[in-house]
Every structure is written in C-alpha cells, then in structure tokens.
Amino acid sequence: MERREEQSGAAGAGAAPALDFTVENVEKALHQLYYDPNIENKNLAQKWLMQAQVSPQAWHFSWQLLQPDKVPEIQYFGASALHIKISRYWSDIPTDQYESLKAQLFTQITRFASGSKIVLTRLCVALASLALSMMPDAWPCAVADMVRLFQAEDSPVDGQGRCLALLELLTVLPEEFQTSRLPQYRKGLVRASLAVECGAVFPLLEQLLQQPSSPSCVRQKVLKCFSSWVQLEVPLQDCEALIQAAFTALQDSELFDSSVEAIVNAISQPDAQRYVNTLLKLIPLVLGLQEQLRQAVQNGDMETSHGICRIAVALGENHSRALLDQVEHWQSFLALVNMIMFCTGIPGHYPVNETTSSLTLTFWYTLQDDILSFEAEKQAVYQQVYRPVYFQLVDVLLHKAQFPSDEEYGFWSSDEKEQFRIYRVDISDTLMYVYEMLGAELLSNLYDKLGRVLTSSEEPYSWQHTEALLYGFQSIAETIDVNYSDVVPGLIGLIPRISISNVQLADTVMFTIGALSEWLADHPVMINSVLPLVLHALGNPELSVSSVSTLKKICRECKYDLPPYAANIVAVSQDVLMKQIHKTSQCMWLMQALGFLLSALQVEEILKNLHSLISPYIQQLEKLAEETPNPSNKLAIVHILGLLSNLFTTLDVSHHEDDHEGPELRKLPVPQGPNPVVVVLQQVFQLIQKVLSKWLNDAQVVEAVCAIFEKSVKTLLDDFAPMVPQLCEMLGRMYSTIPQASALDLTRQLVHIFAHEPAHFPPIEALFLLVTSVTLTLFQQGPRDHPDIVDSFMQLLAQALKRKPDLFLCERLDVKAVFQCAVLALKFPEAPTVKASCGFFTELLPRCGEVESVGKVVQEDGRMLLIAVLEAIGGQASRSLMDCFADILFALNKHCFSLLSMWIKEALQPPGFPSARLSPEQKDTFSQQILRERMNKRRVKEMVKEFTLFVSGATWHRLHS
C-alpha cells in the first residue's frame, strides 16, 4: 500500500499541476529513484524530478532538502536544484535578492564544510555559478571576498574544514566558467575579471603548499585548485612559484598524481610559449627528475615513470619551436630531448610491462616539423645536431616494435595483442615520417643491419630482431617511393635467406614483398626471387590476409610481366580455393588478383584459364539451382556469385585512354576478338536466370546477381554491349516480380553507359519505363517501407535526365506522377533518400524549357515542390540536408523565376508557415533575398543556413525568455 502511494504521489505527479512539486513528493520520488527495483518506476521518477528541478517551486524545496536531518542523497538533489536554477534561470532572480542568496549559500557551504563532501561540492558549484553571473559589476571582488569570508576566525567550523571548503570553492569556480552558458561578450568580461582575481588565489595556494604544517589533504586540494586555475590561461610567469612547489611535491607519493596534473596543465596552456624565460627555467626542473624516473623504471613503478614522462613530453611537445629558437641553450634542450628518448625506449613490452613510450611519439613529429621549418642555415645546424638523435630513435623504435618471446606472447590477452598491434602501426607511421629527415641513408642503415643479422655466423639473432628490421623497411616502402633506392635489390636478395619459423615473421615478410610490388614492376627480373614464397604462403591459413593481399598487389602492379608464371599462380590459387583454406573476404581478394593476372594474357589463354578456374563453380551452381532453397545453399550461391563478380571486377583486357573516371571514359577496342568476360557471362546467363527464378524473394541473392553485371559493366564499358538486350529483359522481369534497389542501381549503370547509343536506346528505354511504372505502383501502395528503393529510383531518374533526357519524352512516362512521388520522397526521414530526391529535382528543373512534359508539370505542380522545400528548411528536415534544399531553390530561381516569385509570396503568406517562430517581416526578407540571387549558388546556401539558424535561434529565445 505504501509503495503504491509513493508512486502516485511522485511519478504520478509528472502529469499533475506544478503545485505537486512539494518537499514530500520530491523525497518520495528520490526514494523511488534510488530504491524501487522496477526500472519503469525509476525512469518515471527521474523524469518527474527533472521537471521538479526546473520548476519555480525548486527555489522553495531546495533549501528544505538541505536540512541537517535529511540523508545525503536528498541534500545532494537540493544542492543540484539550486545550481540549475542559478545557472539556467538567472534572469528569474530579482537583483535585490542577489545578496541574500549569496549569504544563504555561504551559510550552507560553511555548514557542509564538515558534512557530506558531494553535497559540499554541489553547493560550491552553485555559488561559483552565482559569482560568474554577478561578476564583475554586481560582485567586483568575488574571489577576494570568498577568501576573506572563509578565513574569518569566528566560524564554528575548524580551520582545516574551512580551508578545504574554500579550496573546493576556488577549484570549481574556473571549471564552472569553462562550462557556463554565459553569452560571449559576458564570457570575455568574466575571464578578464578572473585573471585579475588570481592575484587573491595564488599567494594563498603558495602559502598552503609551502607551509610545513599543511596536512596532505590540504596540499592535494591546493594542487587541484592550481590545476583548475591555470586553464584560464594565466600568464606562465605568474605560475612560476607554484610550478616549482609542484615539482617539489612530486617527491611525495600521495601528492604525485595531483602534482603531475598541475604541472602538465600549466605547461600545456597555449599562451605559455610567450614566456620563454620561464620555460628555460623549467628545463632544469624537468631534467632533475631523471634519477626519480630511473628508480621508478628499475622498481617497475609504472605510475611514476608515466607521470614524469608526461611532464617531459608536455614541455618538449608544446614548446619545441620556442626552445629551439634559443640557440644559446641548445645543450639543455638536447638534454630534454634525450630524456624523452629514454621514455620512448623505456624497458619492457608495451602495453604489458609499460604504457609510457606511446606518449612520446607525437613529440618526434613536432620536433622534426619545427627543425625543418627553419631557414636553410639554421636548419643545417640543427640537422647536424639531431640527425644522429633520429637515427638513434629508429633503433629505439624498432626495438620497441619487437614481439616478445612466443611463450610470453601466448599469455597476452586478445586486448593486449590488439593494443600492441595499434602501437606498432603508430611506430610504423613515425618511421615513415622520420624518412623525411633521414632520407635514403635510413634505408641503407636498415639494410646493413638486416644483412648483418642474416649473414652473421658468430651471433645467432632472434626472429624478433629480423622481423622488426623488415617491419621498418615495410613501413617506409608502403608510402615512400623506393624505386630509386639502391638497397632494394639487395633486400629482395636477402628475403629468401630468411629462416621463417614463425607466423609473425612470415606475415611481415609477405607485407614487405607487397610493399615492394611497384618496385618489382620496374625490376621484373626479381619477381622470381619472391613469388615462390608468396605462392607457398597461400597454402597456410594463418598467413591468409598477408599472402592474399601481397599476391593481389603483385598481380595488379606486375601483371604484364607475369604471363610466364600465370599457369603456376592459377594452379596454386585454384588449389587453395578448392580446399577452402581462406575466409570469404580473402577468397574474393584472390579472385581479384586472378582477374588482374588474366588481363595481361591473350584471349585464348584467358578463356582456357577461365574455363579451368570457373568450371567447378559453374557445376556447383548448376547443382544448387536444382535444389530447394534453404539457408545453407543460399550461402553457397552468394559465395559463388561473389567470386565471379570479384573476378570480373578486375579482368580487363583493354586499356583505358586515360586514368580518370567519368562519363567520357572509353576504352580502346580489343584486337583479339570477343571480350572473355562477355563470353563467360553469355555462357552462364541461362544458369543465373535459373538461380534467380528460385531466389527472387531473397534480396541478398538478387544483390549478388546484380553485382556480377554491375561490376562487369563498370569494368568493360562499351565491351559489355552484346549483353545489353538480354540483361535489360532479365532486369525487367526481376523488378516486375519483386522490386529491389540493386536492380535499379544496375539499371542506372546501363543508362549511364549505353542510353546515349542509338542501338541500345530501345531496350534501355523499355526497361526504364517498366521500372518507373512498377515503382509508381509501389508509391500508390505505400513507399515508406522501401526507402532504399525510393533512394535508388531517384538516383536513376537523375541519371536519366543527366545522360539521356529523351527518356522523359516518351508519352508512356507519367512525368506528373514521377514529380509528385519525388516531392513525397523529400519528406522521408532517411537522409540519403531525401538527398537523392533533391538531386533529381536539381537535374529536372533545368530541363523545363527543352522537355515539354517537364515544363508542363513544373508549371502545374511546382508550387507543391516549393512548399515541401520551405517546410523542410522551416525545421522539419535535418540541418545536414540544407545545402540540398538550397540547390532546389537556386534551380527554381534560375529556371522558373517568374513562377517562383509568384509562388514564394503565396506560400509564405499563411501565419505560422513554415515555422510559428517567424514574423511576416522575416519571411518577406528571406523571399526577397532568394529572388535576388540567381547566379551565386553558394550565396543561396548561406541564406538558407542563416534562415534555419534564425528559426532555431528563435526557438532558443522562446525557451529562455
């Protein structure tokens, strides 16, 4: 019974009048929130309490909830409600009540100084918010007053309690400023006022930190307070004494973390680089931590080494340019750089034995950028000093990139292995960057080391050492052009000598060969040195990703030099595909590799290889086509269709006239006869139709079928021509039976490439009219369940207008219905669909003059389009789509000006349209601006953005007035 009453009084009050926001009901709701096991009741209580906090009654019940006889959860809610009222509804408070509110808050903070700490913090945040709202005029010396009031001796609270309460208040004040909702002009005034007030704070903090009698809890609070204030961009020179005191406090383990945070925040503020003299004074303080750092590393104290490293990196990374400029101090800065080098090379494996070295990587980028940004003479001096440092860095990074022993690595969790993988990628990126500083000498250096490791008979090296050196090579070769390097031939010669006893080493060997595939294309005589390794690795499932991706790179880059090896590559690939060694994605990559490979052969050779490669799959597909559909044979069908489409994606026997894509892309004719892909497609066409007949209901199978033809069309372009009539017919049957987006996407490709050619226009026109008719019927039945089909349909219509507007001349095309459906699509919640619909209209409107049916429908229904666009920009559509709607307005203005000038005035006439927040004057201004701008599309986009911001700005004003 009692529980039911609580629920009706508290949660039930959500829908009740504001009078129900009483102390009793708030307490009941809080009890329900914390202790009711029913999650719905908790949610209801939370919603009601949020309403209570912003209600006018909150001013009354907040103080009562802070009474000493209440539990901390209730007191905390009272303090939070006060903060919300002060921070968000300051304008509700009469000015004559500021002083009493301030006095009440001071009284409560004094009382809670020896009470609950979480309640004390919320009260301090409330007073901080009040101070920020009153500063500087209504409370000019707010911070000094706080210090004075809490230092008064007549307080009932003991000195330490008062001191901690004052420090809490001073700590939250800058934090509250950073998150406050103050208007921009007020923020600047308050920031300036706080900068002056720090003169009342810092002497107190220095005194408390340096006072031997200060207990540890007070000193910790001082450091946190200092850390909070420096983020207000206090001049670094004003922080000197406190920073020095914080360095001293690093020796105290209880104060270590707070000291690190304070020092790092002080050093890292953007303005600090102006105070070079102070920065120079900090270098010896940081260098003075080296012994403590070494001890921490020796004792395995990761927290201490991490903290000291953060300080060194903060100074080096934020101020390397300013410190490098002080040429006469180059030795002390070099000492700091060497200290950071020690942190980079800290002993142990990341992330298991250490987590510090990763902090330093960005510093090396910054230092290099700063050195290379100097004028030639100064740069030459610093290059002389720092090139040896960067060579040392390479050694350190490659050491850190080494795998642990197999036994140790076996104990690592999957999360630790993944962190280590990411760490190695970061090292790889750093090595690539360092190449800019060290150039070809870096590759020579790595080659010499690798040569010594592989040819040394005296000292056996671990596989980890070899792998790391190869990893260094791979990192550079992946992104830097190494074609002119004189060490790559030697490296290719060394690779077969590597004794591969380990998966990680084998992976890196594969990736290194892959990174050198462009070099192999220029030096085909070396292919035979490494290709056997790659083909051998294909048979190992553990090397699946590295071996298949490397073969794909070699086949892509070196295809014209691979015919002598083609038979062997095809045989090995066929073998691993039949044995199902690789996962689906690697099988697809392998087919792409074979497509590249076969592209360079003679047509007869291609057909022969295709026959042996594809025949087993065709036989399997024939068998599957006879079976009753079920989930397992569906997977097999999709897999086989995927293999074929990936093969046809890259099997390209003709040469592009140019490299860039675009509608003008054409290919030189194939001299040897019919295109092999077309030959194969014609052979399997009937089989694909048979598969489709049983799987038309399955979007995945339909998508896989369409993908074969879509990828073939994209690759073959004009060579696909013989297939156009039968494919159009098949697509028409497919789409008539069950409409699917993938069929529309393939139709769009056909329109794009073949619609302009007279021979292919009839089947494409017939298909276009058919899919349009079927889609319009779908709209009549309710298109909301098919946003993907609507999206693809809009893209098809836009493509038709762009490539062949004649498609809109046919009398059988209901242009009016198409137009109305596109207007409807503008109101879909799915952004891609709306974007595609906007794209259709921006293609359609410019055709008003040249296509009679388009001109007629725009004249009749254009007003409907304008209203939909105005509704969208009036707040009904996502902000991210505003540029698309602006494009429609611009097109209307440019191509239908007289109609638009009449429609826009009529459309904006009704009160409250397109938003109740807009006045008639605002709407009139907007329409005039739009009508004036017929040439500059960018300006129209800006107008629309301003208009939407204006609407939302009006919303904000209403909420806060």
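Residues numbered from 1 in each chain as written. Predicted model: local features only at pLDDT ≥ 70, side-chain atom pairs only at ≥ 80, totals over all residues. Heavy atoms only, no water.

Visitor: Would you mind going over the overall build of the protein with me for this structure?
Guide: Scanning the protein from terminus to terminus reveals 45 helices and zero strands. Across its three principal directions, the C-alpha atoms of the protein cover 105 × 90 × 65 Å. Here the protein holds 961 residues, and 54% of them are scored as buried. Counted over contacts in the protein with a minimum sequence separation of 6, partners at least 24 positions apart contribute 73%. (Helix = DSSP H or I, 4+ residues; strand = E, 2+ residues; numbered from the N terminus. Buried < 20%, exposed > 50% of the residue type's maximum accessible area, 1.4 Å probe, protein only. Contact = heavy atoms within 4.5 Å.)

Visitor: Could you clarify how one ought to interpret the UniProt feature "domain: Importin N-terminal" (unreviewed entry) in the protein in this entry?
Guide: The feature "domain: Importin N-terminal" (unreviewed entry), as given by UniProt, occupies residues 45–111 in the numbering adopted here. Segment residues 45–111 splits into 73% helix and 0% strand. End C-alpha atoms: 29 Å apart. (UniProt positions renumbered as here; feature names shortened; annotations may be inferred.)

Visitor: Looking at this structure, how should I read helix α37 (residues 761–781)?
Guide: Note: α-helices contain 3.6 residues per turn, so residues at a spacing of three or four share the same orientation. When the terminal C-alpha atoms of α37 are compared, their 30 Å separation across 21 residues agrees well with the 30 Å that a helix rising 1.5 Å per residue should span. One or two positions beyond α37, positive phi appears at G782, with a value near 120°. (Expected span 1.5 Å × (residues − 1).)

Visitor: Honestly, the confidence of the model for the protein in this entry has me stumped. Any pointers?
Guide: Note: predicted coordinates in regions of low pLDDT should not be interpreted at a detailed level. Averaged over the protein, the pLDDT score is 90; the fraction of residues at 70 or greater is 94%. Within the model, the stretch residues 1–19 combines pLDDT values under 50 with 26 contacts to residues more than four positions away or in other chains. In the predicted structure, residues 953–961 sits below a pLDDT of 50 and forms five contacts with residues beyond four places in sequence or in another chain. (pLDDT = per-residue confidence, 0-100.)

Visitor: Looking at this structure, how should I read the nonpolar core?
Guide: Across soluble globular proteins, nonpolar side chains show a tendency to be buried alongside one another. Formed by 334 residues in total, the largest nonpolar core has its most connected members in W229, Y386, F709, F720 and F808. Examining the composition of this core, we find that twelve residues originate from one element, helix α7 (residues 117–134), more than from any other. Not counting chain neighbours up to four residues away, the residues in contact with F709 comprise L681, F685, I688, F720, M723, L727, M730 and L746. Core analysis: the next-biggest nonpolar cluster, separate from the first, contains 14 residues, A29, L49, A52 and F77 among them. (Core = buried A, V, L, I, M, F, W, Y, C linked by side-chain atoms within 4.5 Å.)

Visitor: Could you clarify how one ought to interpret the packing of aromatic side chains in this entry?
Guide: The way to describe two aromatic rings as a pair is by their centre distance and the angle between their planes. Counted according to the given criterion, the structure contains 25 aromatic pairs. With a centroid separation of 6.2 Å and 80° between ring planes, the pair formed by F106 and W139 is classed as edge-to-face. Of this pair, F106 sits in helix α6 (residues 98–112) while W139 is found in the loop between α7 and α8 (142–151), placing the two residues 33 residues apart along the sequence. Of the two residues, F106 and W139, neither departs from the other in class, the shared state being buried. Aromatic side chains F403 and F420 sit 5.3 Å apart centroid to centroid with 75° between the ring planes, which places their arrangement in the edge-to-face category. With F403 in the loop between α19 (376–400) and α20 (406–410) and F420 in helix α21 (residues 414–438), this pair connects stretches of sequence that are 17 residues apart. Residue F420 is classed as buried on the basis of its relative accessible area of 1%. (Phe/Tyr/Trp six-rings, centres within 6.5 Å; stacked < 30°, edge-to-face > 60°.)

Visitor: When you look at the state of the cysteines in this model, what are you seeing that I'm missing?
Guide: Here is the idea: a disulfide is a covalent bond, and it sits between the sulfur atoms of two cysteines. One pass over the structure, following the stated rule, counts zero disulfides. The cysteine C838 is free of any disulfide, with C884 supplying the nearest cysteine sulfur at 5.0 Å. Not part of a disulfide, C896 finds its nearest cysteine sulfur in C848, a span of 3.8 Å. (Disulfide = S-S within 2.5 Å.)

Visitor: Any chance you could explain the side chain of E176 here in plain terms?
Guide: Relative to the assigned elements, E176 resides in helix α9 (residues 159–179). R122 provides the closest opposite charge to the buried, salt-bridge-free E176, at an N-O distance of 6.4 Å. Looking at E176, its side chain comes within polar contact range of the side chain of H83, at 2.9 Å. When sequence neighbours within four positions are dropped, the list of residues in contact with E176 reads H83, S87, V125, A128, S129 and L132. (Lys, Arg positive; Asp, Glu negative; His and termini not counted. Salt bridge = Lys/Arg side-chain N within 4 Å of Asp/Glu carboxyl O. Polar contact = N/O pair within 3.5 Å; in protein donor to acceptor, adjacent residues only side chain to side chain.)

Visitor: Help me out: how do you make sense of the environment of D406 in this one?
Guide: Within the secondary structure, D406 is located in helix α20. Beyond its immediate stretch of four places on either side in the chain, D406 contacts W463, Q464 and N502.

Visitor: Could you clarify how one ought to interpret the pattern of salt bridges in this entry?
Guide: Working definition: two side chains of opposite charge can pair if their charged atoms are close together. Here the structure, examined in full by the defined rule, presents 37 salt bridges. Of the charged contacts, one joins E605 and K608 as a salt bridge, the two residues approaching to 3.5 Å between their closest N and O atoms. Of this pair, E605 and K608 are both found in helix α31 (residues 603–626), three residues apart, which corresponds to roughly one turn of the helix. Residue classification places E605 among the partly exposed residues on the basis of a relative accessible area of 35%. Here E626 makes a salt bridge to K690, at a shortest N to O gap of 2.1 Å. Pair noted here: E626 is in helix α31 and K690 is in helix α33 (residues 676–695), with a separation of 64 residues, a long-range link.

Visitor: Explain the side chain of D36 to me, please; I cannot follow it from the model alone.
Guide: Structurally, the position occupied by D36 is in the loop between α2 (23–35) and α3 (39–54). Taking relative accessible area as the criterion, D36 reaches 3% and is therefore assigned buried. In this structure the side chain of D36 is engaged in a polar contact, spanning 3.1 Å, whose partner is the side chain of N41.

Visitor: In this structure, what is going on with the packing of helix α15 (residues 290–298) against helix α17 (residues 330–344)? I would like to understand it.
Guide: The relative placement of two packed helices is expressed as an angle between their axes plus a distance between the axes. It is at 12 Å that the axes of α15 and α17 come closest, and there the two elements cross at 10°. Viewed along their axes, α15 and α17 adopt a mutual orientation that is roughly parallel. Contacts between α15 and α17 pair Q290, L293, R294 and V297 from the former with M339, F342 and C343 from the latter. The residue makeup of the contact of α15 with α17, split by class, is five nonpolar, one polar and one charged. (Axes fitted to C-alpha atoms, helices over the stretch in contact; angles between N-to-C directions. Parallel < 35°, antiparallel > 145°, perpendicular 65-115°, else oblique. Nonpolar A, V, L, I, M, F, W, Y, C, P; charged D, E, K, R; others polar.)

Visitor: Whenever I open this one, helix α11 (residues 216–230) confuses me. Can you help?
Guide: Taking 1.5 Å per residue, 15 residues should reach 21 Å; α11 reaches 21 Å between its end C-alpha atoms and fits that length. Listed in full, the buried residues belonging to α11 are V218, K221, V222, L223, C225, F226, S227, S228, W229 and V230. Of the surrounding secondary structure, the elements contacted by the buried residues of α11 are α8, α9, α10 (184–210), α12 (240–249) and α13 (256–268).

Visitor: Just to check I follow, could you spell out unusual backbone geometry for this structure?
Guide: Most peptide bonds are trans, and most residues other than glycine sit at a negative phi. For the bond running from M135 to P136, omega is -10°, close enough to zero to count as cis. Along the chain, P136 falls in the loop between α7 and α8. For the peptide bond that leads from Y350 to P351, omega is 0°, which places it in the cis range. Looking at the element boundaries, P351 is found in the loop between α17 and α18 (361–372). The backbone of E233 shows a phi angle near 60°, a positive value even though the residue is not glycine. The class for E233 is partly exposed, based on a relative accessible area of 40%.

Visitor: Is there a simple way to explain the environment of S332 in this structure?
Guide: Relative to the helices and strands, S332 resides in helix α17. Judged by its relative accessible area of 26%, S332 is partly exposed. Along the sequence, S332 and T171 sit 161 residues apart, while their C-alpha atoms lie 35 Å from each other. Dropping the residues within four chain positions of it, S332 is found in contact with I283 and L287.

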